[in-house]
Amino acid sequence: MPSFNLRERAAKRLARLVDFRIEERLRERVQPLEDRVTEQEHCTVDHRRRLDALEAGLEHARGDLRWTRSELDRLMPQVAALEAALETLREKTALTPVADKPELAEARSLIEEIQRQHAQIRVRLTGIARYEDRLRKLEAQASVGATE
């Protein structure tokens, strides 16, 4: 029996040695994979966090879009009504009143008189502006002379 016991112990010892070497080789191959898995878990957590932030921002943008759409739906009929009223006014102003030749001649003479008076007013305003400019220059000279 002692030889059987010796064999059994030698087999167990040899098995432990082989198991140790196999486990060591497995550890060498598995460790980089475990490191990559850990890194990927960290990246996944970061990506989930960023995705949650983006989804929150997108939901905020959707809310703004819904508000803008409701405001647009509310304003569109008003704008259409204003455009219709503007077109009606445009049509009314585009029509020339029916007038006979003496009325047209009188209207033209009134327009010419108004244009002549406007020209006179422009000449007077130009004279006043020149006078004020000259007065300003004289006052500036007087103040420089008084300080010396």
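Residues numbered from 1 in each chain as written. Predicted model: local features only at pLDDT ≥ 70, side-chain atom pairs only at ≥ 80, totals over all residues. Heavy atoms only, no water.

### As for the overall build of the protein
At step 1: Each helix and strand counted, the protein has 2 helices and 0 strands in total.
At step 2: Computed over its C-alpha atoms, the radius of gyration of the protein comes to 49 Å, more than 25% above the 15 Å expected for a compact globule of 148 residues.
At step 3: With respect to the principal axes defined by its C-alpha atoms, the protein has extents near 150 × 70 × 20 Å.
At step 4: The buried share of the protein, taken over its 148 residues, is 0%. (Helix = DSSP H or I, 4+ residues; strand = E, 2+ residues; numbered from the N terminus. Rg over C-alpha atoms; globule rule 2.2 N^0.38 Å. Buried < 20%, exposed > 50% of the residue type's maximum accessible area, 1.4 Å probe, protein only.)

### Re the environment of D64
At step 1: Mapped onto the elements, D64 comes out in helix 1 (residues 2-94).
At step 2: Taking C-alpha positions, D64 is 64 Å from F20, a pair spaced 44 residues apart along the chain.

### Focus on a nonpolar patch on the surface
At step 1: Taken together, the side chains of L14, L17, V18, I22, L26 and V30 present a nonpolar region at the surface, about 510 Å² in accessible area.
At step 2: Positionally, V30 belongs in helix 1. (Patch = residues over 30% accessible without salt bridge, like charges linked within 9 Å, V, L, I, M, F, W, Y side chains within 5 Å. Areas by Shrake-Rupley, 256 points an atom, 1.4 Å probe, with all protein chains shown as cover. Salt bridge = Lys/Arg side-chain N within 4 Å of Asp/Glu carboxyl O.)

### Overview of the environment of I114
At step 1: Here I114 lies in helix 2 (residues 101-147).
At step 2: I114 gets classed as partly exposed once you look at its relative accessible area, which sits at 46%.
At step 3: The sequence separation of I114 and Y131 amounts to 17 residues, and the corresponding C-alpha distance is 26 Å.

### Some thoughts on the pattern of salt bridges
At step 1: Per the stated rule, a full pass over the model turns up 11 salt bridges.
At step 2: We note a salt bridge from R116 to E113, for which the minimum N-O separation is 2.4 Å. Taken together, the positions of R116 and E113, both in helix 2 and 3 residues apart, correspond to about one turn of that helix.
At step 3: Note that D133 and K137 form a salt bridge whose closest N and O atoms lie 3.6 Å from each other. Residue D133 and its partner K137 are located together in helix 2, separated by 4 residues, close to a single helical turn.

### Focus: the environment of R130
At step 1: Residue position: R130 is located in helix 2.
At step 2: Judged by its relative accessible area of 63%, R130 is exposed.

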